[in-house]
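# Tertiary structure, described
Each chain, written out:
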Amino acid sequence: MKPTKSAMARAARERGERTFMATCIRHGEQSHYASTRACLLCQSERNAPKNAAAAERYRSDPEYRARWRERSTTARRKRRKDAEYREAENAKEREWRSHRFTNNAEFRGRKREGVAANNWRKATGGNMTGWYGLEREALQQKYGECPEGFDMDHAIPKIAKAVQGKQVASGLHCWANVIQTPRAVNNMKRTQFNPDNNRLQRPANQFPGGAFDPTPTEPEWSLIKAAAEDLKSVVNIDGVEYVADVIPGTPVEVCLAVLREALEREALAYEDHVAMIEQKLPEC
Ligand SMILES: [Zn+2]
């Protein structure tokens, strides 16, 4: 059963959103106010005569105009002079923003992605890829959906170094290079470029040597063997040891099947993303 508009409005308010999408009999799929459940277009049509009359009066009635100007000057003056009032207003705004940040994945994604893009520009001094404008919404969604305990990170670091410390690659701020990383791992701040061991640093394709190539990498093989032989599964990636989350005694074939399935899922997600971009590309 479809939820009622009241229920949808309540859910939107709980998420900290001012509007929600619903069907209007006159306007179809439209934004509605979470406070009153009214369709935005219907409401603005209802308000139009009143607003037009007020605008006309503002233009033609000097006394009315002066009164309005006086009102906004008073409010501004009060904000400037009354520190307590100003702080109370700021606190309300901060609380609203933090509520929205916690409850609204879209808002959170926009903010986080914006910060990450800025950091990328600062660190590299570079320009965004030509796809950035087309990918941005999908990137924001990724950042917004990042669960608690994880960070979004660049698979190939912004400034990626070889073992000797020389910069050998620049990871782009793009959909294929932005990945979810457990915070504990991200805090180790790895900046190394090692595509032999780290498949996330390979090109996003299913060919041999690509990110979605189903042949296990070295660390993956050591995981699979450890699981099969009931050993403590510690994987060494770029000199950092990870205790891996595997079930001891798992047959090699099962591990391989799980790996293939996971890679298949990632490959499909990437192909869907590329198809979405191609739809947005202007016709040549
Ligand atoms: Zn409407």
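Residues numbered from 1 in each chain as written. Predicted model: local features only at pLDDT ≥ 70, side-chain atom pairs only at ≥ 80, totals over all residues. Heavy atoms only, no water.

### Here's the deal with the coordination of the zinc ion
Surrounding the zinc ion are the protein donor atoms C24 (SG), H27 (ND1), C39 (SG) and C42 (SG), at 2.1 to 2.3 Å. Coordination geometry of the zinc ion: the 4 donor atoms subtend angles of 103 to 117° at the metal centre, consistent with an arrangement described as tetrahedral. Here the donor residues of the zinc ion share one chain and are spaced in sequence as C-x2-H-x11-C-x2-C. Across this residue pair, the class does not change: C39 and C42 are buried. (Donors = N, O, S within 2.8 Å, 3.2 Å for Na, K, Ca; no water. Tetrahedral: all angles 85-135°; square planar, octahedral: opposite > 155°, others 65-115°. Buried < 20%, exposed > 50% of the residue type's maximum accessible area, 1.4 Å probe, protein only.)

### Considerations on the domain arrangement of the protein
Split into domains, the protein comes out as domain 1 (5-102), domain 2 (108-193) and domain 3 (199-284). Distance from the C-alpha centre of domain 1 to the C-alpha centre of domain 2: 36 Å. Between domain 1 and domain 2, the contact holds 4 residues from the first and 4 residues from the second. Between domain 1 and domain 2 lies a buried interface of about 340 Å² when both sides are counted; carbon and sulfur atoms form 47% of it. (Domains from an automatic or database assignment. Contact = heavy atoms within 4.5 Å. Buried area = accessible area lost by both parts, 1.4 Å probe.)

### Some words on helix α5 (residues 105-124)
Taking 1.5 Å as the rise per residue, α5 with 20 residues should run 28 Å; its terminal C-alpha atoms sit 28 Å apart, in good agreement. Within the sequence span of α5, burial applies to F107, R108, G109, E113, A116, A117 and W120. Buried residues in α5 make contact with α4 (83-103), α6 (132-145) and β3 (150-154). Where α5 begins, the side chain of N104 points an oxygen toward the backbone nitrogen of E106, at a separation of 3.0 Å. Among the residues trailing α5, G125 stands out with phi positive, at a value near 65°. (Helix = DSSP H or I, 4+ residues; strand = E, 2+ residues; numbered from the N terminus. Expected span 1.5 Å × (residues − 1). Polar contact = N/O pair within 3.5 Å; in protein donor to acceptor, adjacent residues only side chain to side chain.)

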